[in-house]
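Coordinate inspection notes
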Number of protein chains: 2
Amino acid sequence: MADSPFIRDVPAAQALAAWHSACAAAGCPDRLPAERVRVEDAAGLVTAGPVWATRSSPPFDAAGMDGIAVRAADTIGAAETSPVYLPPAGYDVVDTGDPLPPGRDAVVMREHVHYRGDEAELRTAVAPYQHVRSIGEDVAVAELLLPEGHRLRATDIAAAAAAGATHLLVRRRPVVTVLPTGDEVRPIGAEPGTGEITDTNSLMLATQAREAGCEAHCLPIEPDDPARIARAVRAAVAGCDLLIIVAGSSAGRDDYTARVVAELGTLAVHGVAVRPGHPVVLGAVGGTPVLGAPGYPVSAALTFDIFAEPLLAGLAGTAPRRRPRITARLARKLASPLGMDDWIRVRLGVVTSEVSTDGLLVVPAGLEGYHPGEQVEVELLRGADEIARTIVAIGSHDLVLDLAASALRAQDPMVTLASSNVGSLGGLVALRDGLCHLAGSHLLDPATGEYTLPYVDRILGGADARVVRLVHRDQGLIVAAGNPLGLTGIKDLAGAGVRYINRQRGAGTRMLLDHELARHQISPDAVDGYAREEHTHLAVAAAVAAGRGDAGLGILAAARAFGLDFVPVTREPYDLVVTAAALDSPLLAPLWALLAASEFQAAVTGLGGYSTEEMGRRIR
Amino acid sequence: MADSPFIRDVPAAQALAAWHSACAAAGCPDRLPAERVRVEDAAGLVTAGPVWATRSSPPFDAAGMDGIAVRAADTIGAAETSPVYLPPAGYDVVDTGDPLPPGRDAVVMREHVHYRGDEAELRTAVAPYQHVRSIGEDVAVAELLLPEGHRLRATDIAAAAAAGATHLLVRRRPVVTVLPTGDEVRPIGAEPGTGEITDTNSLMLATQAREAGCEAHCLPIEPDDPARIARAVRAAVAGCDLLIIVAGSSAGRDDYTARVVAELGTLAVHGVAVRPGHPVVLGAVGGTPVLGAPGYPVSAALTFDIFAEPLLAGLAGTAPRRRPRITARLARKLASPLGMDDWIRVRLGVVTSEVSTDGLLVVPAGLEGYHPGEQVEVELLRGADEIARTIVAIGSHDLVLDLAASALRAQDPMVTLASSNVGSLGGLVALRDGLCHLAGSHLLDPATGEYTLPYVDRILGGADARVVRLVHRDQGLIVAAGNPLGLTGIKDLAGAGVRYINRQRGAGTRMLLDHELARHQISPDAVDGYAREEHTHLAVAAAVAAGRGDAGLGILAAARAFGLDFVPVTREPYDLVVTAAALDSPLLAPLWALLAASEFQAAVTGLGGYSTEEMGRRIR
């Protein structure tokens, strides 16, 4: 066994503070150096000192409207019934922004001026300085324009330029270097062999750093060799403000990050009470902060947010960017270990682990979770408007829903169709509980041989549910290419030596299997692997493709995606269940229109194993 | 008079739709062309087609923890009192991410493994696939990874790379060209002469375009010459996806934008029902959309948000970025003209027109405003966390508050001191109404000759108010350099030929003037300019510097800032009024610490005209 450096569950805030102290003690700079840049080059940078106005804006009393400049006193008494007429010497035509001519102190809008010959006719009196923008109205000389530590936006640099600045004192842009490590890690573009993984973390962390306003560089991948890693770290810290070492941060055999940091400099923290992201290394080498990030991508991304972002903002002397938050009601119970800040990726109403997450919810270390209905604060990863136009589908998974999601977005960038796969039964329960707009379902009632409707009655009860047919699709056994075991159907599953990959309880495909097993009078106990559950057709196909099993019930499209063979078992309907209110809502209208479009139907047919004959038909 | 093209108050949504139709009719592309870029170069760009996974992630069953890989069946029966011992052939040491060795189906965390010689001791049984990340658990082959029209973030491109993508099909980055026009407009860096202004709009609009993910270029400034502008427009549209012409968009003499657009292409809209930002031109020339933006900077910035941003997002096939919103309670009545969407810059609790605004509030065209206490939705321009650590000061203006604001920020980037200048009296009323944390006040009670306290009693009544002295400061007459009129004090203001610049009612300086006039038995009517009000010391100094008046009462620092002369009148205290609760709050603690710091006191003394002898003293 390799020797194990200490791993402690240091709470995140305490870990950050310890890192900060260690960096200060190791001679890391408190702030980045200040430099003068042209206002044109200052966007996104942070002020290194206050910006005082050296010029007023507007720089003179100016017309605030297009019209004529007058002396207000000359207009006294003007009324609808008794207009005042100004001779040409009594007014000047001005455009918005023009300086007020000498002797004038008000502007009359062109829309309110009539002419009698060259005399201007006014039917209302004007007050002094009406429609005049006074000198210094926006900014006066010597006024504080921007404080130190302010991240410059477009309007800031324009205001600074208007107030006389041609250059601004800003903090140098932070430089972040990413050092990937690991024998099994291959660069993007190289096809990974068995047991190897692609280095996507370097790209992600460097991009996160750029999104945070930094300059970022990625080094070549170093193998699990402490001497080589140490050499790379020593060289890297000389040229950056933060070094991120990827992977090698837990306590396994090949995890040298903590050891290298301790040997070359100061190891402040190894292991934080954050889930996911637990095996984090925080330290300093050669006067440069060093962060060791875990190799699991979700953890690596979170580690950047929690540790790198505040450090980099501090170096620039500004506040870290914070994502907007909303208050949400938890739809289901959420358990969480004590002693860890638990960062949960959430989707409106449901907990999910997908790429397209709506937001992040933190369960603090001191809580064991939340009860359904509790108010929680969610950090938004997508815009609230976009979330509002998201069709939430919970239930059975089908590739046609993926295809629809992409087609809907291509038509209207504001529309999102987000699917969570919890099986047909779970979908109907979620629809009943108001957690989704539609539930994909293909539930066979063994008693009647009827699909969907008996379950809708049973679960949604008196609720006003509507059912729209999506497709008919072929279900069958997904088997290895060439069908090496020569399987012909469900009855062969009881044979010895067939490793089956099952779907989870509540999935329509699981119920179809149970129905078919009963029909063939096969006990589930006779099926090797019956207890091993996967949650999607694609996961079943992936398991067969990986040789982890010999057969699993699923759809033809999933078999095709993995280049596998397929033994047909049945053709079944797949339906979308919605509430009566949702059926005619504007939110779902684009979906119904899509189902009627012949190009979409052709694309579905092209997937193989689908019939679109009844697509869009209202079953109830 | 110049001929006037039509200006119509077209509602914003209708104007956008008309522009969109006109662009389509004029042959502008609906979407930007698609191109394949390396995943490394795709951040911030928008997908031009769906991204399907071509590789599963993880690509194999992998250890989810550091520890040992085992066969779950071998651990059955393990318990604290009856451990199971696995021989070396019965386990493999694995690190997080390692492939599961053949024959193993679960992982035991290293923390839960003890060793007896080379045998692993387990005290609990493990379930199959415990701590195993299944092949395809994150993404399975053929799964929809990202839809079309998705703006790529760091985690998206990393997920795409993990799923096998080396390149992504994205929309080309939109190119925006900005064409500034106007005889009076000078480039940044050139000192503007009388009546001239600096072209800050080009920089601002180009930066806004870059913030929106575009490539942006600025052309040289064209004078108000339709033939030259037309030539520049014709050349520019060939090389960009959106041309923004700055200024020249209203209906004044020199406003040629609308005419040029109509002559060269299609003029869709001229004038929108949005305030500020009314004189907008929307059209198309040579198959390229053209936007004419008003020259007033606040209007120009808003025009980009309302019109350019949605157009550019549409070209990229994605949703426009939207800022986060919060719900706020209006603190005071807000009037707004019917028929215009009125965009109001707001500060927490108060309406303001400053650079550092917290958010935007839209009063729709159909409303005449809001009542105090009404719930409104505010679009946030700053982070909610930052707003929460903002000390809001409302009341009299003093440069020492500006200096304090900058010093506080330099110490802690999260702290903001935001001042609104409404005069001493207004500040006490705002404090009473709970709209601010502190009120700057220098109110002289003519009856007693006492400052601040009598007014605190009168306005805050029984409320538990505390008073902290900020400074003593010199008040006097701000006069032109060299004091050409030879003014010696208040008594000279009644003299003929002295044009006075007054402060607004409720300002402490206004009350000081009234007090001094009464003392010298001068009637306000005898003071020329008594009715002309400015709202800050600096505005008074600016007016004197511009020659708009001969004298105004104000502080020495304001006179110095403009290089003016100063005739002392009195030395007065300037106090900060706070509630008893706020006095000891953590929010204000950094301010009290600052007032005690000798470096800060030295900086204040350096401004001139201030005494810091009683700085920070509790008067009550």
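Residues numbered from 1 in each chain as written. Chains lettered and ligands numbered in written order. Predicted model: local features only at pLDDT ≥ 70, side-chain atom pairs only at ≥ 80, totals over all residues. Heavy atoms only, no water.

**Quick notes on the overall build of chain A**
From N to C terminus, chain A includes 16 helices and 37 strands. Put simply, chain A has 620 residues, and 56% of those count as buried. Once local pairs closer than 6 in sequence are excluded, the contacts in chain A between residues at least 24 apart make up 74%. Taken as a whole, chain A presents about 23,700 Å² of accessible surface, with 53% of it coming from carbon and sulfur. (Helix = DSSP H or I, 4+ residues; strand = E, 2+ residues; numbered from the N terminus. Buried < 20%, exposed > 50% of the residue type's maximum accessible area, 1.4 Å probe, protein only. Contact = heavy atoms within 4.5 Å. Areas by Shrake-Rupley, 256 points an atom, 1.4 Å probe, with all protein chains shown as cover.)

**Topic: the sheet that holds strand 9 (residues 119-122) of chain A**
Residue and element names in this part refer to chain A. Strand order in this open sheet of 3 strands is 5-9-8, and the pairing throughout is antiparallel. Taken across any chain shown, the strands that pair with only one partner, and hence form the sheet edges, are strand 5 (84-86) and strand 8 (114-116). In this sheet, adjacent strand axes meet at a mean angle of 35 degrees when their direction is disregarded. Where strand 5 and strand 9 come together, 3 bridges link them in antiparallel fashion. Looking across to strand 9, one finds that Tyr85 is bridged to Glu121. (Pairing = 2+ DSSP bridges. Axes fitted to C-alpha atoms, helices over the stretch in contact; angles between N-to-C directions.)

**Points about helix 6 (residues 297-316) of chain B**
Residues and elements named next belong to chain B. An ideal rise of 1.5 Å per residue puts 28 Å on 20 residues; helix 6 measures up with 27 Å between its terminal C-alpha atoms. The sharpest bend along helix 6 comes to roughly 35 degrees, located at Ala308, with the proline Pro310 sitting one to four residues further on. Burial of helix 6 is extensive: 15 of the 20 residues sit out of reach of the surface. Where helix 6 terminates, the next one or two residues include Gly317, which has phi positive at roughly 75 degrees. (Expected span 1.5 Å × (residues − 1). Bend = angle between axes of the 7 residues up to and from the residue.)

**Brief notes about unusual backbone geometry**
Residues and elements named next belong to chain A. Backbone geometry at His131 places phi at a positive 55 degrees, although glycine is not the residue there. Relative to the assigned elements, His131 resides in the loop between strand 9 and strand 10 (132-133). A relative accessible area of 29% means that His131 is categorised as partly exposed. Positive phi values are uncommon outside glycine, yet Gln521 reaches one of about 55 degrees. By secondary structure assignment, the location of Gln521 is in the loop between helix 11 (508-519) and strand 34 (533-534).

**Things to note about the interface of chain B and chain A**
Taken together, the contact pairs 101 residues of chain B with 103 residues of chain A. Summing both sides of the interface, chain B and chain A together bury roughly 8,200 Å²; the carbon and sulfur share of this comes to 61%. Applying the counting rule to chain B against chain A returns 12 residue pairs in polar contact (both at pLDDT 80 or more). For the side of chain B that touches chain A, the elements supplying multiple residues, two or more each, are strand 6 (92-94), strand 11 (144-146), helix 2 (154-162), strand 15 (197-198), helix 3 (201-211), helix 8 (399-411) and helix 12 (537-545) of chain B. (Buried area = accessible area lost by both parts, 1.4 Å probe. Polar contact = N/O pair within 3.5 Å; in protein donor to acceptor, adjacent residues only side chain to side chain.)

**Quick notes on helix 3 (residues 201-211) of chain A**
Because the α-helix completes a turn every 3.6 residues, residues three or four places apart line up on one side. With 9 of 11 residues buried, helix 3 of chain A lies mostly within the body of the structure. Listed in full, the buried residues belonging to helix 3 of chain A are A:Asn201, A:Ser202, A:Leu203, A:Met204, A:Leu205, A:Ala206, A:Thr207, A:Gln208 and A:Ala209. Looking at the packing, one finds that the buried side of helix 3 of chain A touches strand 13 (175-180), strand 16 (215-218), strand 17 (242-246) and helix 6 (297-316) of chain A together with helix 2 of chain B. Where helix 3 of chain A ends, the next residue or the one after it, A:Gly213, has phi of about 90 degrees, a positive value.

**Description of the pattern of salt bridges**
This structure, assessed with the given rule, holds 62 salt bridges over all chains. Across the salt bridge formed by A:Arg228 and A:Glu222, the nearest N and O atoms sit 3.1 Å from each other. The class for A:Glu222 is buried, based on a relative accessible area of 13%. Where A:Asp492 meets A:Lys491, a salt bridge forms, and the shortest distance between an N and an O atom there is 3.7 Å. Relative accessible area serves as the criterion here: at 22%, A:Asp492 is assigned to the partly exposed category. Sharing partners across several salt bridges, the network here consists of A:Asp61, B:Arg532, B:Glu534 and B:Arg548. (Salt bridge = Lys/Arg side-chain N within 4 Å of Asp/Glu carboxyl O.)

**Some thoughts on the side chain of B:Arg133**
Along the chain, B:Arg133 turns up in strand 10 (residues 132-133). Residues in contact with B:Arg133, not counting those within four places in the same chain, are A:Tyr296, B:Pro58, B:Phe60, B:Asp61, B:Ala62, B:Gly64 and B:Asp138.

**Examining the sheet that holds strand 13 of chain A**
All names here are of chain A. As summarised here, the arrangement of the 6 strands in space is 16-13-17-21-20-18, forming an open sheet in which the pairing is mixed. Two strands in the sheet have a free side with no partner beyond their single neighbour: strand 16 and strand 18 (266-270). On average, each strand axis in the sheet is tilted by 20 degrees relative to the strand beside it, whichever way the strands run. The pairing of strand 13 with strand 17 spans 5 bridges and is classified as parallel. Residue pairing in the sheet places Leu179 in a bridge with Ile245 of strand 17. Helix-sheet contacts for helix 1 (residues 12-25) involve strand 17, strand 18, strand 20 (281-285) and strand 21 (288-293), and the interaxial angle to strand 18 is about 180 degrees.

**Notes on the packing of aromatic side chains**
Residue and element names in this part refer to chain A. In total, this model carries 2 aromatic pairs over all chains according to the counting rule given. With centroids separated by 6.2 Å and ring planes inclined at 55 degrees, the aromatic side chains of Tyr91 and Tyr115 adopt a geometry described as tilted. Within this pair, whereas Tyr91 is found in the loop between strand 5 and strand 6 (92-94), its partner Tyr115 is found in strand 8, the two being separated by 24 residues in sequence. Taking relative accessible area as the criterion, Tyr91 reaches 10% and is therefore assigned buried. You can call Tyr115 partly exposed: its relative accessible area is 33%. Across from the ring centre of Tyr85, 3.6 Å away, lies the NZ or CZ of Arg116, which sits over that ring. (Phe/Tyr/Trp six-rings, centres within 6.5 Å; stacked < 30°, edge-to-face > 60°. Lys NZ or Arg CZ within 6 Å of the ring centre and 35° of its normal.)

**Section: the packing of helix 8 (residues 399-411) of chain A against helix 16 (residues 598-607) of chain A**
Residues and elements named next belong to chain A. Remark: helix 8 packs on helix 16, axes separated minimally by 11 Å, with the N-to-C direction vectors making an angle of 145 degrees. The way helix 8 lies across helix 16 gives a crossing that is right-handed. Contact with helix 8, carried on its side by Leu399, Val400, Leu403, Ala404 and Ala407, involves Phe600, Ala603, Val604 and Leu607 of helix 16 and no other residues of that element. Taken together, the residues that form the contact of helix 8 with helix 16 break down as 9 nonpolar, no polar and no charged. (Left-handed = near helix turned anticlockwise from the far one by under 90°. Nonpolar A, V, L, I, M, F, W, Y, C, P; charged D, E, K, R; others polar.)

**So, the relation of the copies chain B and chain A**
With an RMSD of 0.1 Å, chain B superimposes on chain A once it is rotated by 180 degrees and translated 0.0 Å along the axis. What we have between these two chains is a two-fold relation. A shared binding surface is used by both copies, with 100% of the interface residues of chain B retained as interface residues in chain A. (Least-squares fit on C-alpha atoms with pLDDT ≥ 70 in both.)

**Describing the packing of helix 3 of chain A against helix 2 of chain B**
Remark: helix 3 of chain A packs on helix 2 of chain B, axes separated minimally by 8 Å, with the N-to-C direction vectors making an angle of 165 degrees. When the axes of helix 3 of chain A and helix 2 of chain B are compared, the pair comes out roughly antiparallel. Crossing angle aside, the handedness with which helix 3 of chain A passes helix 2 of chain B is right-handed. Note on element contacts: helix 2 of chain B touches helix 3 of chain A through B:Ala154, B:Thr155, B:Ile157 and B:Ala158, opposite A:Leu203, A:Met204, A:Thr207, A:Gln208 and A:Glu211. Residue composition of the contact of helix 3 of chain A with helix 2 of chain B, grouped by class: 5 nonpolar, 3 polar and 1 charged. (Parallel < 35°, antiparallel > 145°, perpendicular 65-115°, else oblique.)

**Some remarks on the pairing of strand 35 (residues 551-555) of chain B**
Residues and elements named next belong to chain B. Burial analysis of strand 35 places 5 of its 5 residues in the buried class, which makes it a mostly covered element. For strand 32 (residues 465-479) and strand 35, the ladder comprises 5 bridges, and the chain directions are antiparallel. What sits directly across from Leu477, in strand 35, is Leu553.

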